[in-house]
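Each chain, letter by letter, is given below.
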Amino acid sequence: MNGTRSSGCQNGPFDMRLLIIEDDRDAAEYLTKAFREVGHVADLAGDGEEGLALALDGQYDVLIVDRMLPKLDGLTLIGTLRKKNIETPALILSALGQVDDRVKGLRAGGDDYLPKPYSFSELLARIEVLARRRGSREETVYRVGDLELDRLSHRVVRADQEIDLQPREFRLLEYLMRHAGQVVTRTMLLENVWDYHFDPQTNVIDVHISRLRSKIDKGFAHPLLQTVRGAGYVLRESK
Amino acid sequence: MTVHMTAHVTAIGKLLRTTAFRLTLVYLTLFAFFAAFVLVYFAWNTRRLITEQITETVDTEIQGLRELYSQGGIRRLVFAIDERAVRPGSNLYLLTTLTGEGLAGNVDSLSPGVLDTPGWTETFYRRFEDNEQSQHHALVQVVQLAGGFHLLVGRDLEERDRMRAIVLAAGQWSFAIVILLGLASGVFVMRRVLKRVDAMTDTTQAIMQGGLSERLPIAGTGDELDRLAGNINIMLERIEALMRGVKEVSDNIAHDLKTPLTRLRNRCEEALRIAEDESQYRAALESTIEESDALIGTFNALLLIARAESGQARDQMSDFDAAEVAHGIAELYEPLADDKGLSLKVDAPMAVPLHGNRELVSQALANLVDNAIKYAPSPAQRNGAQPEITVKAGAGEGDRILLTVSDNGPGIPEADRARAVERFVRLEQSRSQPGSGLGLSLANAVARLHGGELKLEDNRPGLRCIISLPRGGPAAAIALTK
C-alpha cells in the first residue's frame, strides 16, 4: 500500500485541502490520517451544520460528504452550497449504493458518488481527479511523453508512428490521457468510458487495458501505461 | 341474562353505527320526501280540477240565469231559480234585492258580507232544510243584475274536502308503510352485509396475529365486496411472497455470508498465531482484503436482488434500445472471451426499443455473458473446436423482446435448470469457479422486475439463457396477462 501512496505523491503536483463531513468519528479519523500520509490536509466536521459552515468559510479543494448526517443531510448541504454559487467539487459517500441513489446524489449537485464500503485507494483516486478537474481546460490535443492524441481528428501517434485504435480503445486512452499522472481505478474506467455502474464479476477492464497497452507500449523502451497495484492504472512518462 | 342483553344491545349499537344503516336512513329520507312530493302534487292537482269543474258549472248556470232575466225579467228568474233549487244535489241559489231581502233560492244563511262582494268567495252556508247546527262549505259567485238584484250561485265543496281527507289519510298510511318496509329491508340487507364484513374482519384479525396464509372469504356473487376481498387476497399473496423473500434472503445471508466471514476470522487468528515477519503479516492482510471484497460483492448482489424483487427499481425506468445494450455488453466482454480462445458474437441487427431499467438489464446480460465465459470448456476439453457464445437481441412472440445468450459449453442438465435460477445455487460442476453464484438469480430477479422471466433451454449442445421482457415494461406485462 505504501507504494501506492508515494507514487501518488510524486505525481500529485499540489497538496490538497479537504473537508471531510462524516459523523462516524472512527471512519473520519482514519481518512484524515490516511490523507495526511499522502500529503493532503483534511479538516473534519461531525455534522451537517458544522460541515456547511466550514464549507462556506474555508477554501477547500474537495469536499467529502457523507449522505446521512445529523442535523443536515448531505444532499441538502450540497444543494445549499450550490445555491450560494460555491462550486467546490463534492464527493458523496453513502451506504446506499444503488443506481438511483447515485443519480439522486449527482442531481443534488454532487460531482462523484462512492458507495460504502470503499477502498481508500479508490477514494483517493477519485478525489485527485475531482481536484484536478477544477480549473483544467479541455484541450484538443493530449500529450504524454512522445504519445499524442488528437481529439478532433481521432488520431493517435506515438514517436511519429500512427496507432490504429478501436473507438472504445480511443475513449479509454482519451480518459487516461486527460487524467495523465493520476491513478485511475477500474470502476472509474467502467463508469466513465463504458457508462456502467455495476461491478462485473470478472475483471473485464484488465483485458481491455492490456489490449490498449499492447498497441501503445509494445516495442517502446519506456512503457507509459502502468499498473498501480491494489489501486488501478496510471498513464505517465516513466523515467 | 344480562350478558345476553348487553350482547343484544351492542349488536344493535353495531348495526346503528354501520355505513349500511346510515345509507338506509339517507335512502329512506329521500324516498319519503319523493313519496310526499308525489302525493302533494296529486292532491293539489285533484283539488285544482274539482275547483275548475265547479267554477265552470257555476259560470254556465249564471250565464243561463242572466239570459233568462234579460228575456223574461225578474219573475221568470225567480220562477227558474225556485224550480232549480229543489232538484236533488242541486247547486246553491240565492236571489236578493239590493237591500238583501231574499226573493228566491235554497240558501238559509251565509257568512256575513258575502253578498256584498261580487265575484268568487268561499263561504259557510246553511240550506233551508238543514238543521240549526249543520254548516257546509261552498264556493260561490255573486253577480249584480241590472235593477239592483244580487244573484248568488255556488256549489258545495264537500266533495273537495272529502278528497283532501282521503289523500291526507292515504299519505299518513303510506308514509308509515314506507318507513316500516324501508327499515325492515335495510336491516335485512345490513345484516347480510354485516355478516360478510364480520367474516372479513375475523380473517384480517387472524392475519394480524400471524396467519399470513389466511385468505378472505369470497361469496362468489362477484359484487363489490367480492372484488374487494379478491384484491386484498392478491395483495396478501404478494405480501406473503415478499415476506418469504425476506426470510430466504436472511437465511441465505446467514449461510453464505457467515461462511466466508468465519474463513476471514480464521485467517486473521492464524496470522496472529503463526506469522513471524512483516511479509507474512502483509500476505495475511492482503488475503483478508481480498476475502472482504468478495464478501462485499456478494452482499451487494444480494441487496440488488432483494431490491429488484421488491419492485423498488421500477421508478428508474426509461426507453432504450436493447440491441445497443447487447452490443455494449458484448463489446465489454469481447477481449476477455478472445483471451480465453472463445468467439463472442452479437446478433442484433435492428433496434429493439424497450422500456425498463437500462442499468439492471445491462447487468443481467453481463452476468449471463460472464457465466457463459466462465463455464466454457477448458482448452483440454474442446477437441479442437472453438467454443462460441452468441448474444442476441430481438423481438419475440406477443410484444415481448428476447435477450438471449447461448453457448455450446457443457450446459445445465434439465433437472437442474429450475434450481440453477435460485439464489446461491451453484451446481456441482461449478464449485471450482469463482463468483458469488448469484448471476442467474440476479438476471431472474431483473427479468421479474420488468414483468418478464428468465428461461434456461438446451442449446444442443450447451445452454441458452433467455431473458424475455414485455416491450412496454412491467405495466405492459400486467396488460398482457389480462
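Here, every reference points to the structure presented above.
Residues numbered from 1 in each chain as written. Chains lettered and ligands numbered in written order. Predicted model: local features only at pLDDT ≥ 70, side-chain atom pairs only at ≥ 80, totals over all residues. Heavy atoms only, no water.

## Re the interface of chain A and chain B
On the side of chain B, 29 residues touch chain A, which itself brings 22 residues to the contact. Carbon and sulfur atoms supply 50% of the area that chain A and chain B bury against each other, a total of about 2300 Å² over both sides. Considering only the side of chain A, the residues that lose the most area to chain B are Tyr196(A), Phe198(A) and Gln201(A), jointly responsible for 28% of the buried surface there. Where chain A meets chain B, there are 4 salt bridges. Ionic pairing is found between Arg229(A) and Glu286(B), a salt bridge with its closest N-O pair at 3.5 Å. Counting the contacts that link chain A with chain B gives 7 residue pairs in polar contact (both at pLDDT 80 or more). Of all the secondary structure elements, the ones that give two or more residues to the side of chain A that touches chain B are helix 5 (99-107), helix 8 (186-194) and helix 9 (204-216) of chain A. For the side of chain A that touches chain B, the leading source of residues is helix 9 of chain A, giving 5 residues. Residues of the side of chain A that touches chain B, tallied by class, amount to 12 nonpolar, 5 polar and 5 charged. (Contact = heavy atoms within 4.5 Å. Buried area = accessible area lost by both parts, 1.4 Å probe. Salt bridge = Lys/Arg side-chain N within 4 Å of Asp/Glu carboxyl O. Polar contact = N/O pair within 3.5 Å; in protein donor to acceptor, adjacent residues only side chain to side chain. Helix = DSSP H or I, 4+ residues; strand = E, 2+ residues; numbered from the N terminus. Nonpolar A, V, L, I, M, F, W, Y, C, P; charged D, E, K, R; others polar.)

## Observations concerning the packing of helix 8 of chain A against helix 9 of chain A
Residue and element names in this part refer to chain A. Interaxial distance between helix 8 and helix 9 falls to 10 Å at its minimum, and their mutual angle equals 75 degrees. By the criterion of interaxial angle, the relationship of helix 8 to helix 9 is roughly perpendicular. Within the contact between the two elements, helix 8 uses Arg186, Leu189, Leu190 and Trp194 and helix 9 uses Ile205, Asp206, His208 and Ile209. Taken together, the residues that form the contact of helix 8 with helix 9 break down as 5 nonpolar, 1 polar and 2 charged. (Axes fitted to C-alpha atoms, helices over the stretch in contact; angles between N-to-C directions. Parallel < 35°, antiparallel > 145°, perpendicular 65-115°, else oblique.)

## Some remarks on the packing of aromatic side chains
Enumeration over the complete set of coordinates arrives at 6 aromatic pairs over all chains. Consider the rings of Phe37(B) and Tyr41(B), whose centres lie 6.5 Å apart with planes at 20 degrees: the pair is stacked. Residue Phe37(B) and its partner Tyr41(B) are located together in helix 2 (residues 19-85), separated by 4 residues, close to a single helical turn. Here a set of aromatic residues connected by ring pairs shows up, and it is made of Tyr30(A), Phe35(A) and Phe120(A). (Phe/Tyr/Trp six-rings, centres within 6.5 Å; stacked < 30°, edge-to-face > 60°.)

## Notes on the sheet that holds strand 8 (residues 155-158) of chain A
Residue and element names in this part refer to chain A. Read across the sheet, 4 strands follow the order 6-7-8-9 without closing on themselves; strand pairing throughout is antiparallel. Single-partner strands in this sheet number two, and they are strand 6 (141-144) and strand 9 (161-163). Each strand of the sheet is rotated relative to its neighbour by a mean of 20 degrees, with strand direction disregarded. Where strand 6 meets strand 7 (residues 147-150), 4 bridges bridge the pair, whose relative direction is antiparallel. Counted as the bridge partner of Val141 is Asp150 from strand 7. Lying over the sheet, helix 7 (residues 167-178) contacts strand 6, strand 7 and strand 8, oriented at roughly 115 degrees with respect to strand 7. (Pairing = 2+ DSSP bridges.)

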